[in-house]
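Each chain is listed here by its residues.
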Amino acid sequence: MEILSENKAFGGTQGVYKHNSHSCRCDMTFGLFLPEEAQYGAVPVLWYLSGLTCTHENAMTKAAAQGWAAEQGIALVFPDTSPRGEGVADDDAYDLGQGAGFYVNATQEPWAKHFNMWDYITEDLPSMLQENLPLDMTRQAITGHSMGGHGALTMAMSLPGRFRSVSAFAPICNPTGSDWGRKQLSAYLGDDESTWAAHDASLLMTEKGFDGPVLIDQGTEDQFLDLLRPETLASAAALRRQEITHRMQKGYDHSYFFVSSFMEEHIAFHAEALYAD
C-alpha cells in the first residue's frame, strides 16, 4: 500500500493511498480518513461510494464528512469509481467506462478484464484494509451519492450481515428502468436482462430488503430526478414494510452542496447503528 499523501485533519489523518488490485488487475487509488481514536485501537468503518465522473477525491474534498466522522470516532473510506490507467477500457461518454464503473463485475468485452468493481469494493479493498490498518470490520456501514448510492444500496441488500446501516444521497434507484442503468448494465453485463436485477435497488428491496435502518435523501430540484426514479424505491420499501426514512429535501439539487448539507445527519445515523452494542 503506497502512501500518496497524508494530512492532519480534525485530530486524525486524511490519507490517499495506491495499491495493486487483484480484482481490477491494475493500480487503484483510494482515500481514507482515520480519526484520532485509531491511534489506540480499531475503529468502525463507513464506506462512501461516489457517483458518475468522480474519483476518490470528490467526496474527500467536497462532502464535509471528516469533521463529523471525527466527532463519532469513525473511519471513512473513499474508493475510486472505476479502474483507470493505460490499457483500461474507456468510452467517450461520461456515463460509461472510466469514472462510471457502476459497482458491477463486468462480463462483456472490452470491460470484463478490469471492470470488477463489485469484487473490488466487497472483497479486495476490505481485505487489504483489514490487513494493514486499525479498522473494526465487524462494524461497517455504507453510503453513497447517485451511482454510489446505487452501489451502496445494492451491496447492503445483497450482503446480509456485512453492513449495520445503509444510506444514500440521490441514489439511482431503478437502473433497469432508467437510461442511467440500461445503457451501462447492457454494456457491462450483456443483453440478458435477468442478470441486471441483482443490481437494481428497487427490485432488491422488493425481493430481499435490508435487515437494519435505511436513510435516503433526495433533492426536489435534482436535475436528474427522472433518471434516479426515487419513487420506485419508496414504493418497494412501503410494500415490504422496510425500516426506512425517505426524505424529499425541498429545493436541493444533485450537487455536493446538497450532499454536504445533510452529511452530519447521515454520519450520526450510521454512528447510532455502528455503536448499537
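The structure under discussion appears in the preceding block.
Reading guide: rules and limits
- Residues numbered from 1 in each chain as written.
- Predicted model: local features only at pLDDT ≥ 70, side-chain atom pairs only at ≥ 80, totals over all residues.
- Heavy atoms only, no water.
- Phe/Tyr/Trp six-rings, centres within 6.5 Å; stacked < 30°, edge-to-face > 60°.
- Helix = DSSP H or I, 4+ residues; strand = E, 2+ residues; numbered from the N terminus.
- Buried < 20%, exposed > 50% of the residue type's maximum accessible area, 1.4 Å probe, protein only.
- Core = buried A, V, L, I, M, F, W, Y, C linked by side-chain atoms within 4.5 Å.
- Contact = heavy atoms within 4.5 Å.
- Expected span 1.5 Å × (residues − 1).
- Bend = angle between axes of the 7 residues up to and from the residue.
- 1 Å grid on protein atoms, 1.4 Å probe; cavity = no way out; pocket = protein on both sides within 12 Å on 5 of 7 lines; lining within 4 Å.
- Points joined across faces, edges and corners; volume = space filled by probe spheres on them.
- Axes fitted to C-alpha atoms, helices over the stretch in contact; angles between N-to-C directions.
- Parallel < 35°, antiparallel > 145°, perpendicular 65-115°, else oblique.
- Left-handed = near helix turned anticlockwise from the far one by under 90°.
- Nonpolar A, V, L, I, M, F, W, Y, C, P; charged D, E, K, R; others polar.
- Salt bridge = Lys/Arg side-chain N within 4 Å of Asp/Glu carboxyl O.

### Side note on the packing of aromatic side chains
In total, this model carries 10 aromatic pairs according to the counting rule given. Relative to F258, the ring of F169 has its centre 6.2 Å away and its plane inclined at 85°; by these criteria the two rings are edge-to-face. Pair noted here: F169 is in strand β7 (residues 166–169) and F258 is in helix α9 (residues 256–274), with a separation of 89 residues, a long-range link. F258 shares its class with F169; the two are buried. With centroids separated by 4.7 Å and ring planes inclined at 35°, the aromatic side chains of W180 and F224 adopt a geometry described as tilted. Of this pair, W180 sits in helix α5 (residues 179–189) while F224 sits in the loop between β8 (214–219) and α7 (225–228); the two residues are 44 residues apart in sequence, bridging distant segments of the chain. F224 gets classed as partly exposed once you look at its relative accessible area, which sits at 26%. Clustering of aromatic rings is evident, with ring pairs tying together F169, Y252, F258 and F262.

### As for the nonpolar core
Core analysis: the biggest nonpolar cluster contains 89 residues, and W47, L129, L135, I142, L153, M155 and Y188 have the highest contact counts within it. A per-element tally of this core places α9 first, with eight residues. Those residues within four positions of M155 in sequence are excluded, and the remaining contacts are L49, Y103, M117, W118, I121, T122, I142 and F163.

### Focus: helix α3 (residues 117–132)
Look at α3: 21 Å from first C-alpha to last across 16 residues, which is about the 22 Å you get at 1.5 Å a residue. A bend of about 30° at L125 is the largest found in α3, and the proline P126 appears one to four places after it. The complete set of buried residues in α3 reads M117, W118, Y120, I121, T122, D124, L125, P126, M128 and L129. Against β2 (12–21), β3 (26–34), β4 (43–49), β5 (75–79), β6 (135–144) and α4 (147–158) lie the buried residues of α3.

### Points about the layout of surface pockets
The space that makes up the largest pocket amounts to roughly 170 Å³. Taken together, G51, L52, T53, C54, Y94, H145, S146, W180, F224, H254, S255 and Y256 make up the full set of residues lining the largest pocket.

### Topic: the environment of C24
Turning to its location among the elements, C24 is positioned in the loop between β2 and β3. When its relative accessible area of 0% is taken as the criterion, C24 is described as buried. When near neighbours in sequence (up to four residues on either side) are disregarded, C24 contacts P83, K113, H114, N116, M117 and Y120.

### Overview of the packing of α3 against α4
The N-to-C vectors of α3 and α4 enclose an angle of 60°; their axes lie 12 Å apart at closest approach. Judged by the inter-axis angle, α3 sits oblique to α4. Between α3 and α4 lies a crossing of right-handed hand. The segment α3 lies against α4, with M117, W118, I121 and T122 engaging T154, M155 and S158. Along the lines of polarity and charge, the residues of the contact of α3 with α4 split into four nonpolar, three polar and no charged.

### Regarding the pattern of salt bridges
Tallying each qualifying case throughout the model produces nine salt bridges. Residues E2 and K18 are paired through a salt bridge, measuring 3.8 Å at the closest nitrogen-oxygen approach. Of this pair, E2 sits in strand β1 (residues 2–9) while K18 sits in strand β2, placing them 16 residues apart in sequence. By relative accessible area, which is 27% here, K18 ends up partly exposed. Here E193 ties to R182 by a salt bridge, and the two come within 2.6 Å at their closest N and O atoms. Of this pair, E193 sits in the loop between α5 and α6 (201–207) while R182 sits in helix α5, and the two are 11 residues apart along the sequence. Relative accessible area serves as the criterion here: at 41%, E193 is assigned to the partly exposed category. The network of salt bridges with shared partners includes D136, R139, R164 and D277.

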